[in-house]
Amino acid sequence: MSAISIRKAREADIAAIVAMLADDALGQAREDAGPPLSRAYLDAFAAIDGDPNQFLAVMTDGDDVIGTLQIAFIAGLSLRGARRGLIEAVRVAAERRGEGLGQRLFEWAIDKCRERGCRVVQLTTNKSRLEAHRFYERLGFKASHIGYKLELYRGSAFHGSAGPL
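In this text the structure is predicted, and so the values were computed from the model without any measurement. (Residues numbered from 1 in each chain as written. Predicted model: local features only at pLDDT ≥ 70, side-chain atom pairs only at ≥ 80, totals over all residues. Heavy atoms only, no water.)

What characterises a pair of aromatic rings is the spacing of the ring centres plus the angle enclosed by the ring planes. One pass over the structure, following the stated rule, counts six aromatic pairs. Their ring planes at 50° and their centres at 5.6 Å tell us that Phe 55 and Trp 108 sit as a pair that is tilted. Of this pair, Phe 55 sits in strand β2 (residues 54–61) while Trp 108 sits in helix α5 (residues 101–115); the two residues are 53 residues apart in sequence, bridging distant segments of the chain. Owing to a relative accessible area of 18%, Trp 108 belongs among the buried residues under this scheme. (Phe/Tyr/Trp six-rings, centres within 6.5 Å; stacked < 30°, edge-to-face > 60°. Helix = DSSP H or I, 4+ residues; strand = E, 2+ residues; numbered from the N terminus. Buried < 20%, exposed > 50% of the residue type's maximum accessible area, 1.4 Å probe, protein only.)

All right, on to helix α6 (residues 130–138) then. Each α-helix turn comprises 3.6 residues. Residues three or four places apart therefore point the same way. Listing the buried residues of α6 in full gives Ala 132, Phe 135 and Tyr 136. The buried side chains of α6 occupy one side of the element, clustering within an arc of 95° when seen end-on. Exposed residues lying more than 90 degrees from the buried face of α6 are Glu 131 and Arg 138. Taken together, the buried residues of α6 touch β4 (83–92), α5 and β5 (118–123). At the C-terminal side of α6, Gly 140 shows a positive phi close to 105°. (Arc of directions from axis to C-beta. Contact = heavy atoms within 4.5 Å.)

Regular strands place their side chains on alternate faces of the sheet. Pairing of strand β3 (residues 64–75) with β4, which is carried by eight bridges, proceeds in the antiparallel orientation. In the sheet register, Gln 70 faces β4, and the bridge partner there is Glu 88. Bridge analysis of β4 against β5 gives five bridges, and the strand direction is parallel. The residue of β5 that forms the bridge with Leu 86 is Gln 122. (Pairing = 2+ DSSP bridges.)

Ranked by size, the top nonpolar core spans 24 residues in total, and within it Met 59, Leu 69, Ile 71, Ile 87, Phe 106, Trp 108 and Tyr 136 carry the most contacts. The element contributing the most residues to this core is α5, with seven residues. Each residue touching Trp 108, except ones within four places of it in the same chain, is listed here: Ile 6, Phe 55, Ala 57, Leu 69 and Ile 71. Counting residues in hydrophobic clusters, the runner-up holds 13 residues, among them Val 18, Met 20, Leu 56 and Ala 93. (Core = buried A, V, L, I, M, F, W, Y, C linked by side-chain atoms within 4.5 Å.)

What follows concerns a nonpolar patch on the surface. On the surface, a nonpolar cluster with roughly 400 Å² of combined accessible area is contributed by Leu 150, Leu 152 and Tyr 153. Of the residues examined, Tyr 153 reaches a relative accessible area of 48% and is grouped as partly exposed. (Patch = residues over 30% accessible without salt bridge, like charges linked within 9 Å, V, L, I, M, F, W, Y side chains within 5 Å. Areas by Shrake-Rupley, 256 points an atom, 1.4 Å probe, with all protein chains shown as cover. Salt bridge = Lys/Arg side-chain N within 4 Å of Asp/Glu carboxyl O.)

Here you go:
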């Protein structure tokens, strides 16, 4: 086994990341792992990569991408001007789950949030992901808030080019 490491994602990693995002019932309904890979993923990667307040990470074992997550660093006025780290799109390759890699990935991400001066690390997770809820609670996260989402694009419009948020 090669050494496991975590680094900033590269364009060459996008297909592996999208494959992990699509690797369950929820992801299959909302992702298009191709081939070919949709241009929307390349556009989204370029936007993330060019934003200093976004960090798309991959966990690798040698040349293999085995995990991913994205951190958004958010400045805010609440909590006396606290910065927040928002962790999203967390995945570990199905064949590698149960090895403690998710915990290692989160510990790394939380350290990155500390380095950036964040006072809070937060995340959202789908209500149906009960195993993920237990995992986050074991890491010390509290289900202290209720989150809501409003989907702005439906159907095929969602697969178009990523536009302004």
